[in-house]
Structure formats: structure tokens, C-alpha cells
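Structure at a glance
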Amino acid sequence: RGVPVVQVPTSMMAMLDSSVGGKTAVNVPAGKNLIGAFHQPRRVCIDLELLRSLGQREIVEGLAEAIKMGCIRCAPLFDLMEEHVDAIKALQPDLIH
């Protein structure tokens, strides 16, 4: 509580989550994100090259989160992803930066 934190997410979903909120929860056998708190990080350090170490499933899971965010908050983001889905899945730099 109150401790400055720097997040260094290593998956696409974690990068998206870190960029929009300060949820610091963990999953337990009873359910997802049941233990934790909301605390905004002091800084989020994102290295997009880490995405190249992920499997296709992890990339698609992250894209699903981005699509959800686009639908809820940013229609142009959704439109961009719909138009360039294959290039984004291939982690084309000009589209993921």
C-alpha cells in the first residue's frame, strides 16, 4: 500500500492491462483476480521485442483484450485492428508501436 511500483509486463495482455489500469491482483483456486488492490504504477516499462518470444495463442489472447478495449473506449483502434489483423498478428512494428 502506497509503495511506488514499476511494472514490466512481458505478455501482450499484461502490456495492455498495465497501460490502462493499476490492478495488482492474483488468481487463486476460487477465481481470477480475487486477491489484490488497485494501485497505479509509477511507471510502466514496455519492451515490444518481448512479444516476439510469445506463442501465437498468447498473441491472440492479447489481441482479444485490445479488441475489447477498442469496442469499449476507442472505435478508431477497433477499426485499425479490423483492417490490419494479419499484420498485427505478425507483430508488424508500425502497427504495434
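Residues numbered from 1 in each chain as written. Predicted model: local features only at pLDDT ≥ 70, side-chain atom pairs only at ≥ 80, totals over all residues. Heavy atoms only, no water.

**Some points on the pattern of salt bridges**
To be explicit about the condition: Only one rule defines a salt bridge in this text: a Lys or Arg side-chain nitrogen within 4 Å of an Asp or Glu carboxyl oxygen.
The full count for this structure, using the stated rule, is three salt bridges. We note a salt bridge from Arg52 to Glu49, for which the minimum N-O separation is 3.4 Å.

**Observations concerning the packing of helix 1 (residues 12-20) against helix 2 (residues 56-73)**
Stated precisely, the cut-off is as follows: To get an axis, fit a line to the C-alpha atoms, keeping to the stretch in contact for a helix; angles then go from 0 to 180 degrees between the N-to-C directions. Labels follow the DSSP assignment, with helices taken as runs of H or I lasting at least four residues and strands as runs of E lasting at least two, numbered in each case from the N terminus. Here roughly perpendicular refers to angles of 65 to 115 degrees, roughly parallel to angles under 35, roughly antiparallel to angles over 145, and oblique to all remaining angles. The contact rule is simple, with two residues in contact once any of their heavy atoms fall within 4.5 Å. For this classification, Asp, Glu, Lys and Arg are treated as charged, while Ala, Val, Leu, Ile, Met, Phe, Trp, Tyr, Cys and Pro are nonpolar and the rest, including Gly, are polar.
Contact pair helix 1 / helix 2: the axes reach a minimum separation of 7 Å and the direction vectors enclose 30°. Classed by the angle they form, the pair helix 1 and helix 2 counts as roughly parallel. In this structure, helix 1 contributes Met12, Met13, Leu16, Asp17 and Val20 to the contact, and helix 2 contributes Ile59, Glu61, Gly62, Leu63, Glu65, Ala66, Met69 and Arg73. Its residues assigned to classes, the contact of helix 1 with helix 2 comprises eight nonpolar, one polar and four charged.

**Details of the environment of Ile88**
Going by this rule: Only protein chains enter the calculation, and the probe is 1.4 Å; a residue is then buried if its accessible area is under 20% of its type maximum, exposed if over 50%, and partly exposed in between.
Within the fold, Ile88 resides in helix 4 (residues 85-89). Residue Ile88 is classed as buried on the basis of its relative accessible area of 6%. As for Ile88 and Lys32, which are separated by 56 residues in sequence, their C-alpha atoms are 28 Å apart. Residues within four places of Ile88 in sequence aside, it is in contact with Leu63, Leu80, Met81, Leu95 and Ile96.

**Observations regarding the side chain of Ser18**
You can see Ser18 is positioned in helix 1. Non-local contacts of Ser18, meaning those with residues more than four positions away in its chain, are made with Gln7, Pro9 and Val44.

**Brief notes about the environment of Ala75**
Among the secondary structure elements, Ala75 is positioned in helix 3 (residues 75-83). A residue is classified by how much of its surface remains accessible, and Ala75, at 47% relative accessible area, is partly exposed. Taking the C-alpha atoms as reference points, Ala75 and Glu61, 14 residues apart in sequence, are found 19 Å from one another.

Shape is all these values report; function is a separate question.
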